[in-house]
Amino acid sequence: MPQLVTSLDMIRRLVSFDTTSRNSNLELIEFVRGYLGELGIECRLVFDEGGGKANLYATLGPTDRPGIALSGHTDVVPVDGQEWHTDPWQVAEKDGRLYGRGTSDMKSFLAVALAMAPDFLKRDLKTPLHLVMSYDEEVGCVGIRRLLEVLRDMPIRPAACIVGEPTDMKVIVAHKGKKSVRCRVRGFECHSSLAPRGVNAVEFAAEVIAYLRRMGHRIATEGARDKEFDIPHTTVHTGLVHGGTALNIVPKDCSFDFEFRYLPGDDPEAMLAEVQRFAEQELLPAMHAVAVDTGFSWEEISAFPGLDTPEEAEVVALAKALSGGNDVGKVAFGTEGGLFQNIGIPTIICGPGSIDQAHKPDEFVSLEQIALCERFMHRLMDRVCEPAA
C-alpha cells in the first residue's frame, strides 16, 4: 500500500506536472499508474497516435458489473503572458485558497478521487468506481474520443459518469456544444491602384464575417431560447482574422476563425451550411467574374457536442444526493460530458472550484470547495461500498 496522502497532498503533486496541452501528460499518468498500482489497481492506458500522451482508465472494485465513472482531463491551458504572483506549477496556500494552474480546472477533482481511493477500497466496493483521466480536453476534447472508442466496445462499461469540471459542487445537467471553423478566402492580387482588376480576399472575408454577425443577432432575437443558461441562446462569434501583405497590394489570401456555441437541440451543421450557401451563392459569382481560381474553403478546427441529461435521470438523482442539493443548472462552457452521453452513458457535471477562476492568472480553488468535494466522495462511498463495520 502507498503511504496515505491527503487531498491537498495530491493536489500539490498533480499541479506540479506541467501538463499544458502542448506538452506530454505521460509523467503525470505514470505517477497515477504507479500510485494506483501500489493499491493493486490495474490501469489501462490509451495513447495518442504518436505515443506522447495517454488517457488512463482504472476500475476500483468488482470488474464484472457496471459502475460509476469519475472523469476529468489532465491537461491545462498555458500560462504564457499571464502575470502570476506565485509559481503556477507549485501550489501556494493563502487565505483559505490553493493557487496554481489546474487547481480549479480541474486537477483538484482528480486529486480528491485519487486521495480517497484507499478509503473506497477499504470499504469493499459493491459497485465499482471507474477513474477516467484524459488528455487534450482544452484543445477540443481530443483525447477522450480515443478512450471512448475503446469503452464503447467493452463488455462492461460505466452505467453513469460524473465529470468533475468546476461547478462550485453544483449539479449541472446540460451545457452547450461547440463547433469552430476556419474559412480561407482565396482572392486575386494586383496593385492597389488597379483594385477593380483584383479580388480582395479581405473584403470578401469581411462580407462573410458581417453575415455571421447578422446571423448571431437573428438567432439571439428569433432562435430557440433556454433561460436556464446564462446566455440563453446559441451564439455566433468570429475571433481571429489574418489577411493581406501590404496596403498597396490587393490581398490574395485571408482566413478567419469562427464558432457556434449552440444550445442542445440546435444544429451546427445547418448553421454552417447556411453560411457556406451565402458565400458560394452571393459572393462567389462576383469573385469568379474576375478570376476563376478564387473562392472559399472550410476546415473544422474543433467540435464537441452539447450535454442534455434529463432531470429525472438516475444519475441526476444520485448527484443531488451526493451534493446535498436539490437544484440543477446549465452552463455555457463545454466539457467531455456530451461525448460520454453520445455513447449511451448518462452524465452530469459536478466538481470543486469555479469556472470564473479557470484559465486566469492566479487560478485558485478554495479549501471550502475541497471540503465539499470530499463530503461528496464520502457520500458516494456510502452508496457504493459495503456498510462500515
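Each chain carries its own residue numbering, running from 1 in the direction its sequence is written. Thresholds applied to this predicted model are a pLDDT of at least 70 for local features of residues and 80 or more for the giving and counting of side-chain atom pairs; totals over whole chains, interfaces and linings are not thresholded and use all residues. Only hydrogens and water are removed before side-chain values are computed, so all heavy atoms of the structure are retained for them.

S.K.: Hey, could you go over the nonpolar core for me, with residue numbers and the actual values?
M.R.: Among buried residues, those of type Ala, Val, Leu, Ile, Met, Phe, Trp, Tyr and Cys that are joined through side-chain atoms within 4.5 Å constitute a nonpolar core. Three labels apply to residues, based on accessible area from a 1.4 Å probe with only protein chains included: buried if under 20% of the type maximum, exposed if over 50%, partly exposed otherwise in between. Counting 63 residues, the largest nonpolar core has Leu36, Phe120 and Met377 as its most contacted members. Only heavy atoms matter for contacts: two residues are in contact if any of them lie within 4.5 Å across the pair. Other than its neighbours up to four places away in sequence, Phe120 contacts Leu60, Leu125, Leu129, Met377, Leu380, Met381, Val384 and Cys385. Of all hydrophobic cores here, the second largest spans 27 residues; its members include Cys183, Val199, Met271 and Met287.

S.K.: Provide a residue-level description of empty space enclosed by the protein, including the pertinent values.
M.R.: The way it works is a 1 Å grid over only the protein atoms, where trapped points that fit a 1.4 Å probe form a cavity and open points with protein on both sides within 12 Å along at least five of seven lines form a pocket, and then any residue with an atom within 4 Å of a point lines it. Grid points are joined across faces, edges and corners, and a volume is the space filled by probe spheres set on the points. Within the structure shown, the criterion is met by one cavity of 30 Å³ or more. In this structure, the largest cavity encloses a volume near 40 Å³. As for the largest cavity, its lining consists of Leu70, Leu110, Ala113, Leu114, Leu131, Val132 and Met133. Per the convention used, a helix needs a DSSP run of H or I reaching at least four residues, while a strand needs a run of E reaching at least two, with both numbered from the N terminus. Only α3 (107–115) and β6 (129–134) provide two or more residues apiece to the lining of the largest cavity. Split into classes, the residues belonging to the lining of the largest cavity amount to seven nonpolar, no polar and no charged. Charged residues are taken to be Asp, Glu, Lys and Arg, nonpolar residues to be Ala, Val, Leu, Ile, Met, Phe, Trp, Tyr, Cys and Pro, and polar residues to be all remaining types, Gly included.

S.K.: Which residues make up the layout of surface pockets, and what are the values?
M.R.: Reported here for the largest pocket is a volume of approximately 1000 Å³. Lining the largest pocket we find 45 residues, and of these Pro166, Val331, Phe333, Gly334 and Ile355 sit closest to its centre. Among the secondary structure elements, those contributing two or more residues to the lining of the largest pocket are β8 (171–175), β12 (295–304), α8 (314–323), β14 (328–331) and α10 (367–384). In the lining of the largest pocket, the residues fall into 18 nonpolar, 11 polar and 16 charged. Quantified by volume, the second largest pocket comes out at close to 310 Å³. Along the walls of the second largest pocket sit 15 residues, with Glu42, Tyr57, Thr59, Thr63 and Met154 positioned nearest its centre. Counting only elements with at least two residues in the lining of the second largest pocket, the list comes to β1 (43–47) and β2 (54–60). Taken together, the residues of the lining of the second largest pocket break down into seven nonpolar, five polar and three charged.

S.K.: Describe the sheet that holds strand β16 (residues 364–366), and please don't skip the residues or the numbers.
M.R.: A strand pair is defined by DSSP finding two or more bridges across the two strands. One open sheet holds the three strands; their spatial order is β4-β5-β16, and the pairing between them is antiparallel. One side of each edge strand has no neighbouring strand; the edge strands of this open sheet are β4 (92–94) and β16. On average, each strand axis in the sheet is inclined to that of its neighbour by 25°, with strand direction left out of account. Fitted lines through C-alpha atoms serve as axes, helices being fitted only where they are in contact, and the angles separating the N-to-C directions of these axes extend from 0 to 180 degrees. In the packing of α10 onto the sheet, contacts are made with β4, β5 (97–99) and β16, and the angle to β16 comes to roughly 65°.

S.K.: A description of the environment of Thr309 should follow, citing residues and the corresponding values.
M.R.: Within the element layout of this structure, Thr309 appears in the loop between β13 (307–308) and α8. Setting aside residues no more than four positions away along its own chain, Thr309 makes contact with Val173, Val315, Val316, Gln341, Thr347 and Ile348.

S.K.: Requested: an account of the pairing of strand β3 (residues 68–73), with residues and values cited.
M.R.: Counting buried positions along β3 gives six out of six residues, so the element sits mostly inside the fold. Alignment of β3 against β6, held across six bridges, turns out to be parallel. Paired with His73 across the strands is Ser134, a residue of β6. Pairing between β3 and strand β7 (residues 160–163): four bridges, direction parallel. Note that in β7 the partner of Ala69 across the bridge is Cys161.

S.K.: Please give an account of the sheet that holds strand β10 (residues 235–243) that cites residues and values.
M.R.: By definition, the strands of a sheet pair up through backbone hydrogen bonds, in either a parallel or an antiparallel sense. Ordered in space as β10-β11-β9-β12, the four strands form an open sheet in which the pairing is antiparallel. In the strand order of this sheet, the two ends are held by β10 and β12, each with one partner. Neighbour to neighbour, the strand axes of the sheet diverge by 20° on average, direction disregarded. Examined bridge by bridge, β10 and strand β11 (residues 253–262) share eight bridges and lie antiparallel to one another. Among the inter-strand pairings, Thr235 is bridged to a residue of β11, identified as Arg261. Where helix α6 (residues 201–222) meets the sheet, it contacts β9 (177–186), β10, β11 and β12, and its direction lies at approximately 10° from that of β11.

S.K.: Now, about α8: what can you tell me, with residues and values included?
M.R.: Along α8, the residues classified as buried are Val315, Val316, Leu318, Ala319, Lys320 and Leu322. Tucked inside the fold, the buried residues of α8 contact β3, β7, β8, β14, β15 (347–349) and α10. Downstream of α8 by one or two residues, Gly324 has phi in the positive range, about 80°.

S.K.: Please give an account of the side chain of Thr103 that cites residues and values.
M.R.: Assignment of secondary structure puts Thr103 in the loop between β5 and α3. Here a polar contact is recorded for every N or O atom pair within 3.5 Å, except that within protein the pair must consist of a potential hydrogen donor and a potential acceptor, and residues adjacent in sequence are included only if both atoms are side-chain atoms. A polar side-chain atom of Thr103 sits 3.5 Å from the main-chain carbonyl oxygen of Leu98. Each residue touching Thr103, except ones within four places of it in the same chain, is listed here: Ile11, Val15, Val91, Leu98, Ser108, Glu363, Phe364 and Val365.

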